Amino acid sequence: MKQLVKLLFIALSFSTLQSCSMLGGLPEGEGFNYQVGEIVYYKPDNMPMLIEKQVYKKNEKKYHVVFKNKDGQLLYNTVLEEELLDSPPAKRARI
């Protein structure tokens, strides 16, 4: 009887883990635009940031990033993919 309960518990645990792993992944055919270790720029203030981790939550692609403030301290944040640029915008002279 104990072996049957143990086997049932293992089967239930395995099926639960398998169903959870299916829910958390990126949809088929989609990928992240930026890779871990890549330098990106924040759109509002052109702050350079280093991508530390790729995250997919609530159907949104996000990145954990590291950057320095004006005092030189390292800060961490989570940023949406839409808020990032791969290069800073070129500064153009106004005519």
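Everything below is about the structure printed above this text.
Each value, and the rule that gives it
Residues numbered from 1 in each chain as written. Predicted model: local features only at pLDDT ≥ 70, side-chain atom pairs only at ≥ 80, totals over all residues. Heavy atoms only, no water. Helix = DSSP H or I, 4+ residues; strand = E, 2+ residues; numbered from the N terminus. Buried < 20%, exposed > 50% of the residue type's maximum accessible area, 1.4 Å probe, protein only. Contact = heavy atoms within 4.5 Å. Areas by Shrake-Rupley, 256 points an atom, 1.4 Å probe, with all protein chains shown as cover. Pairing = 2+ DSSP bridges. Polar contact = N/O pair within 3.5 Å; in protein donor to acceptor, adjacent residues only side chain to side chain.

Quick notes on the overall build of the protein chain
Point 1. Counting its secondary structure elements, the protein chain contains one helix and five strands.
Point 2. Going from N to C terminus, the protein chain has its helices and strands arranged as α-β-β-β-β-β.
Point 3. For the protein chain, the proportion of its 95 residues judged to be buried stands at 17%.
Point 4. Counting contacts in the protein chain only where the partners sit at least 6 residues apart, residues at least 24 apart contribute 34% of the total.
Point 5. Carbon together with sulfur atoms contributes 58% to the accessible area of the protein chain, which is approximately 8100 Å² in total.

Considering the pairing of strand E4 (residues 74-80)
Put simply, side chains in a regular strand alternate between the two faces of the sheet.
Point 1. Sheet analysis places strand E3 (residues 60-68) next to E4, joined by seven bridges and oriented antiparallel. Among the inter-strand pairings, Val-66 is bridged to a residue of E4, identified as Tyr-76.
Point 2. Between E3 and the antiparallel strand that follows it, E4, lie five residues; Gly-72 among them carries a positive phi value of about 90°.

Some details on the side chain of Lys-61
Point 1. In this fold, Lys-61 is placed in strand E3.
Point 2. Lys-61 sits in the buried class, given a relative accessible area of 15%.
Point 3. Within the structure, Lys-61 has its side chain in polar contact with the backbone oxygen of Gly-31 (distance 2.7 Å).

Brief notes about the environment of Ser-87
Point 1. With respect to the secondary-structure elements, Ser-87 resides in the segment after strand E5 (84-85).
Point 2. Note on Ser-87: relative accessible area 40%, which makes it partly exposed.
Point 3. With 47 residues separating them in the primary sequence, Ser-87 and Val-40 have C-alpha atoms 6.5 Å apart.

Describing the sheet that holds E5
Point 1. Strand order in the open sheet made by the five strands is E4-E3-E2-E1-E5, with antiparallel pairing throughout. Unpaired on one side and paired on the other, E4 and E5 mark the two borders of the sheet.
Point 2. Relative to E3, strand E2 (residues 48-57) runs antiparallel, the two sharing seven bridges. Bridging from a neighbouring strand, Lys-57 pairs with Glu-60 of E3.

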